[in-house]
Each structure stands twice: as structure tokens, then as C-alpha cells.
Amino acid sequence: MRRPVSPGTRTTAAGRKRSRPRLRNTQRGGTAMTAQEVRLCGLLLQEHYGEVVEKVGTHLLKNRALTLRAIAHETGTPLDLVKKSLCVLVQHGLCVFVSGRRGVEYHLSCERVLRILRFPRYIYTAKTLYGDAGELIVEEVLQRGHMTMSHAVRTVADRLTQNMEEGSSMDYSEVVSAFSRLVETQFLQRCSAVIEPSSAALLTATVDAPPVSVIVPTLSDNHPDRYKLPQISLRGRGKRRLSSEEIEGDQRAAKRAKLDKDQTEPSGDEGIYWQVNFDRFHQHFRDQAIVSAVASKMDQTSSEIVRTMLRMSEVTTTPSAAYTQPLSANEIFRALPPSYSIGRPVLEQYLSLLVDDPMEFVGKTGDSGGGMYVVNLHKALANLARATLESVVQERFGSRSARIFRLLLRKRHLEQKQVEDFAMIPAKEAKEMLYTLLSANLVQLQEIPKTPDHAPSRTFYLYTVNPLPTARMLLQHCYKTVANLIDRRLHETKENKRLLEKSQRIEAILASLQASGAETAQLTEVEEMITAPERQQLEALRHHVNKLDSSENQVDETIFLLESYISSTLSTR
């Protein structure tokens, strides 16, 4: 058999193949992060928290764990700025601290920093499920890291009142209701409890430990009341800020906020802070992707049955589970929305179709209660990731290459002649496509020798696709793409900084004049301060930035699917 020579190999004088060194396949967890992850994390930190936090955060990512003074010394940043940066990172749950040999060491989580990219999606989901109040609650908690319930309710009520008509205001009870529903469905959870070191531990540490050891408080993840609402006494309505107060500087606004806080009576939830439960949001995104896939593969009724099954087990199923909790056909029938008017025989037919479907989104585990059914979460994610890989190959290399890639995914291992026959592609074209996919690391070549000497004439050469390493490689490409998009957006904003500042100043003047009841001629005169070419430039800039934002969100959907598939595969092994 003739041995195929790929672009990534060289042949020695003895006839053996010597492979060129390939790029290291990295993964988050126990190994070092890739340069693309560090770059993307740095851009996200810079955009949301400033250059100093980005400098400290990037250095922590590259060096894993450092003490306070080591960070200040190695980054050349003043100690007080490093302290403030670490406070910001800890406040938002991006950084954790532990007691080490050199003292208190700080670790930055790359995975948590990358969640910043998904903030708009979290906020939009909350708006879709719980309206404007839910949207603003999640937005405020994401912006501040964590908040008490009473503070969040007052802030959101004030913001909603500000956007209402004159004379209307938002009652606190409506915001409390939205907050309660977010907690009941576990989209919000209490922050981890702080466990202070005991007196005995402090005494032992003082006597036995080295001088550099420090006893620090730890965080308990097993909080028994994680989703228990406190008993708070909140009565009132949102307050509307006066137009004159809006024009005041940040210093006066901060003083007034502090004064209001001091004058406010205790609400009963002091010290109980709430944060966003990212795993619960990710579980919702995964369920939505599965329902959409079933709808496109079969029909809307099938997707509603799967949606009902996922909704019934969304709180009882852990985020890393491979299957949902088993549900009987009787339970599913009772939980279906009445508006669909699906009879029991029709439901059984649809369940049978879902079980027999090659995608295997739904499985049957027993016959009691009319049949016990589960949603196979791992296989669903594997199928979604596989469809994503096939789509990427088709967009980059064409439909024929996608046909070969799909064939290798289905048949696992094929020789070059078998690929040509099964794909019904001429030998020359099939060879070129295989080598193109091989050079892009989307297809792998496996040797199976007949004899120990690995002679090319007595060796089988099989093409195959390994979905997990391929998904990891594509994930790194996605990180690079998002980083490039953010870089481009920041560049566009910087290039037009003067024009944007001018536009913001004029908008502020117009808002002030409208609030004070200015005449139409005066408003027109202010609007004409921006010339027609500048207005066109602003419109083009906004259109371009909106396209970049939309592209970021679309790539993030691919990132989420690939991350979920990789995590699910590793947890089921």
C-alpha cells in the first residue's frame, strides 16, 4: 500500500516518517493557559475595570499565585493601587486568596474572567424571563459583584421610576417579587459564607507555624441557606432624581448617596449578600440550545415536550450531570402547557419518536408510570458540538470537504481509497481535501503497522477525526477571534474619541434644556453644533461598533457550546 505523505511530515533515508512537532494542545484546569486566553482576559479586564486592574490581573494569570508585595514589585505598581485592584477582583469573584508559605497568595480564575464576555446574554435572559425589573437586578449585581437584597431593590426601583412618566413610580414590592423569583429559580444565590479562624487555630498558628504563615478567613461553598430569602421590611416607592441633581459632579452624588444610606432604617438583611449564579444561567443556555436543536430536527411539538422535561428537572439536575432526572410519561403529560392540547396517545408517539431518533436526545430508562424518560444531556451537547465543527469545515473549506469530515466522524477510521469511494469524490480532489484538512489539524492520520519494523508497504494509514482535541483547537480560534473583535472596537472608539466626547456633551446639554422647558429654536441651535459630515461619521461608527458587538455575541455562543461539550466530556470519563 502506498504511504500518503502529508504536508506536516518528512521522510528519512530509511523510509520512516518523522513528524514535525505539532502545537501543544492545552486545556484549562491543571495545565497552563494559552496565550489567546490570557490576551482575551486582559482585554476584558481593561475594558471593564481599567488599565491598573488589567495589569495586575494579567500578571496573576501568567504567574498563577503571588503575594501582595510580589505583585507590586514585579508589576512596578504602587502598593495601594495593587490593594485596590485586588479588592475589585475579589469583589467580583474573579480572584481568590489562600494562605501559603510566603503569606497570603492570590489566584485569578481565567474561567471567571471569560464570563464577563457573556454579561449581555445574562442580562437579556433575565429580561426575557422576568421583565425589566429582573433585567436591572441582574445588571446591578453584575456591575457591583454582589449586593444585599434591600440595596438592589432600592436601586432598581429608583432606576425604573426614572424612566416612567412624570407622577408615576415603581413600588418596592414589584421589585421584591422579581428578586424572589430569581432566587427561587436559582439565578441568584447567596455569597459564600466567611469562616473566621477559631481561637485554637490562631494559637496553634502562632506557636507552630513559620513566621511568614498567615491565618486567613476561608469561604464555605456548602451554604445550607444559599437560596433562602431573608425577612426584610421594605415599604415605599422608587425616587425620581431631579434634573439639577443629575448635573452635579460625582463627588456630590457620592456624598448624597452616603447620607441617604446613613438615614435609611435597617432592613433586616445586613451582611447577607447575593451574587449571580453563573452555572444556573449556563444550564438555561444549554437547555435552550437543546430545545432549538430538537425543533429544527423534528418539529415544534417535539421541542415543547423536551422543553417541559428540562423545565421539570432544571432545579434537581446538577450542571455537570450527563442525564436529567427520570420522568414518567404521566408526569410529563400533566406538566405540558394546556395551550398545546396534546393528548396522551400523541404524547406517547412523540416520546417514541424522540427515543428512536439517531440523535438520542431522549432516552428511555424504564416502563413504570407509562415509561420513564430522561434527556441525554451529554449526547445532546456532543451532537451540537459536532454540528458546529461540521459548519466550520463547510464555511472554511467548502461542502465537499465537509462531506469528507462528516464521513470520518460517522465511520471513525477510513483509508484514503475508502474516503474516495464513500464520499464519491475523484481521487485527486479527495487527496487534496484530506491533506488540507490534515494540515489544519481537523483530521488526524493514524498508522497501524502489520510488522514491527513500521515499513510503509506493510502499514495501514487511516484517517480519523478526534472531536475533543478538534473542539479544543476551535475554541482557541474563537478566543482569538473575540480578542481581535474587541481590539478593533477599542481602536475604532479611540480613533473617534474627540467626536464621541463632543456628541456626549451636546446630548447632555440637550437633556438639560429639555428638562428645563427650553424653546424649540434653542434646542435646534444646539443640535446644529454637530455638522452633517460629523453626524454621518457618527452613524457609520455606531453601525460598525454594533456589528462588532453582534459578532462578539455570536462567537460567544460558539464558545459556550464548545466549552460545555469539553466540560461534559471530561466529567463523564
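Above this text sits the structure in question.
Residues numbered from 1 in each chain as written. Predicted model: local features only at pLDDT ≥ 70, side-chain atom pairs only at ≥ 80, totals over all residues. Heavy atoms only, no water.

Peer 1: Summarise the overall build of the chain; cite the residues concerned and give the values.
Peer 2: Secondary structure summary: the chain contains 23 helices and 16 strands in total. Every one of the 573 residues in the chain was classed for burial, and the buried ones make up 41%. Across the chain, every contact between residues at least 6 apart in sequence was considered, and the portion connecting residues at least 24 apart equals 67%. When the accessible surface of the chain is summed, it comes to about 31800 Å², and 51% of that surface belongs to carbon and sulfur atoms. (Helix = DSSP H or I, 4+ residues; strand = E, 2+ residues; numbered from the N terminus. Buried < 20%, exposed > 50% of the residue type's maximum accessible area, 1.4 Å probe, protein only. Contact = heavy atoms within 4.5 Å. Areas by Shrake-Rupley, 256 points an atom, 1.4 Å probe, with all protein chains shown as cover.)

Peer 1: So what about the sheet that holds strand S5 (residues 103-108)? Which residues, and what values?
Peer 2: In space, the three strands of this open sheet follow the order S3-S5-S4, with antiparallel pairing throughout. Looking along the sheet, the strands with just one partner apiece sit at the ends: strand S3 (65-67) and strand S4 (95-100). Each neighbouring strand pair of the sheet contributes to a mean axis angle of 35°, computed without reference to strand direction. (Pairing = 2+ DSSP bridges. Axes fitted to C-alpha atoms, helices over the stretch in contact; angles between N-to-C directions.)

Peer 1: Can you tell me about the sheet that holds strand S16 (residues 459-464), naming the residues and giving the values?
Peer 2: One open sheet accounts for three strands, arranged S14-S16-S15; its pairing is antiparallel. If you trace the sheet from one side to the other, it starts and ends with strand S14 (413-414) and strand S15 (444-449), each paired once. Across six bridges, the pairing between S15 and S16 is antiparallel. Bridge pairing in S16 links Ile-448 to Phe-460.

Peer 1: Kindly report on the nonpolar core, identifying the contributing residues and their values.
Peer 2: It is characteristic of soluble globular proteins that their nonpolar side chains tend to be buried jointly. Within the largest apolar cluster, 102 residues are counted, with the highest numbers of intra-cluster contacts made by Leu-60, Leu-86, Leu-108, Ile-137, Val-138, Ile-404 and Leu-408. Counting residues in hydrophobic clusters, the runner-up holds 25 residues, among them Leu-336, Leu-351, Leu-354 and Val-362. (Core = buried A, V, L, I, M, F, W, Y, C linked by side-chain atoms within 4.5 Å.)

Peer 1: Describe the pairing of S4, and please don't skip the residues or the numbers.
Peer 2: One ladder, built from six bridges, connects S4 with S5; its direction is antiparallel. Bridge pairing links Gly-100 to Gly-103 in S5. What sits between S4 and S5 in their antiparallel hairpin is a turn of two residues.

Peer 1: Lay out unusual backbone geometry with the relevant residues and their values.
Peer 2: The phi angle at Arg-412 is positive, at roughly 75°, despite the residue not being glycine. Tracing the sequence through the fold places Arg-412 in the loop between helix H17 (399-411) and S14. Given a relative accessible area of 58%, Arg-412 falls into the exposed group.

Peer 1: If you had to explain the pattern of salt bridges to someone new, which residues and values would you point to?
Peer 2: One side chain can pair with another of opposite charge once the charged atoms of both are near each other. Counted by the stated rule, this structure contains 26 salt bridges. Where Glu-314 meets Arg-280, a salt bridge forms, and the shortest distance between an N and an O atom there is 3.0 Å. With Glu-314 in the loop between helix H13 (300-312) and strand S11 (327-328) and Arg-280 in helix H12 (residues 278-297), this pair connects stretches of sequence that are 34 residues apart. The pair formed by Glu-314 and Arg-280 is uniform in burial state, with each residue classed as buried. Across the pair Glu-534 and Arg-498 runs a salt bridge whose closest N-O atoms are separated by 4.0 Å. Of this pair, Glu-534 sits in helix H23 (residues 532-572) while Arg-498 is found in helix H21 (residues 497-515), placing the two residues 36 residues apart along the sequence. Overall, Arg-498 belongs to the exposed group, its relative accessible area being 57%. Within the structure, one salt-bridge network assembled from shared partners comprises Glu-47, Arg-489, Asp-549 and Glu-552. (Salt bridge = Lys/Arg side-chain N within 4 Å of Asp/Glu carboxyl O.)

Peer 1: I'd like a description of empty space enclosed by the protein, backed by residues and values.
Peer 2: Per the counting criterion, the structure on display carries three cavities of 30 Å³ or more. Counted as a void, the largest cavity has a volume near 60 Å³. Listing elements by their share of the lining of the largest cavity, those giving two or more residues are helix H16 (377-397) and helix H20 (467-495). Of the pockets and cavities examined, the second largest cavity occupies roughly 50 Å³. Contributing to the lining of the second largest cavity are Val-294, Lys-297, Met-298, Leu-354, Asp-357, Met-359, Phe-361 and Val-362. Residue composition of the lining of the second largest cavity, by class: six nonpolar, no polar and two charged. (1 Å grid on protein atoms, 1.4 Å probe; cavity = no way out; pocket = protein on both sides within 12 Å on 5 of 7 lines; lining within 4 Å. Points joined across faces, edges and corners; volume = space filled by probe spheres on them. Nonpolar A, V, L, I, M, F, W, Y, C, P; charged D, E, K, R; others polar.)

Peer 1: Which residues make up helix H15 (residues 344-356), and what values go with them?
Peer 2: Between its terminal C-alpha atoms H15 stretches 19 Å, which fits the 18 Å expected from 13 residues at 1.5 Å a residue. Of all the positions in H15, only Leu-347, Tyr-350, Leu-351 and Leu-354 are classed as buried. Along the long axis of H15, the arc covered by the buried residues comes to 100°, so they all point the same way. Across H15 from its buried face, at more than 90 degrees, point the exposed residues Pro-345, Gln-349 and Asp-356. The inward-facing, buried residues of H15 abut H12, H13, helix H14 (329-335), strand S12 (362-366) and strand S13 (372-375). (Expected span 1.5 Å × (residues − 1). Arc of directions from axis to C-beta.)

Peer 1: If you had to explain the packing of aromatic side chains to someone new, which residues and values would you point to?
Peer 2: Evaluated as defined, the whole model comprises 11 aromatic pairs. Consider the rings of Phe-179 and Trp-274, whose centres lie 5.8 Å apart with planes at 85°: the pair is edge-to-face. Of the two residues, Phe-179 is situated in helix H8 (residues 172-184) and Trp-274 in strand S10 (residues 273-276); the sequence distance between them amounts to 95 residues. Residues Phe-179 and Trp-274 agree in their burial class; the two are buried. (Phe/Tyr/Trp six-rings, centres within 6.5 Å; stacked < 30°, edge-to-face > 60°.)

Peer 1: Break down the packing of H16 against H23 for me, citing the residues and quoting the values.
Peer 2: Where H16 contacts H23, the axes come no closer than 9 Å and their chain directions differ by 135°. As the angle between them shows, H16 and H23 are arranged oblique. Crossing of H16 against H23: the hand is left-handed. Taking contact as the criterion, the partners of His-378, Leu-381, Ala-382, Leu-384, Ala-385 and Thr-388 in H16 are, on H23, Thr-558, Leu-561, Ser-564, Tyr-565, Ser-568, Thr-569 and Thr-572. (Parallel < 35°, antiparallel > 145°, perpendicular 65-115°, else oblique. Left-handed = near helix turned anticlockwise from the far one by under 90°.)

Peer 1: Tell me what's going on with the side chain of Ser-302, and back it up with residues and numbers.
Peer 2: Looking at the element boundaries, Ser-302 is found in helix H13. Judged by relative accessible area, which is 0%, Ser-302 ranks as buried. Within the structure, Ser-302 has its side chain in polar contact with the side chain of Asp-299 (distance 2.7 Å). Those residues in contact with Ser-302, other than ones at most four positions away along the chain, are Val-294, Tyr-350 and Leu-354. (Polar contact = N/O pair within 3.5 Å; in protein donor to acceptor, adjacent residues only side chain to side chain.)

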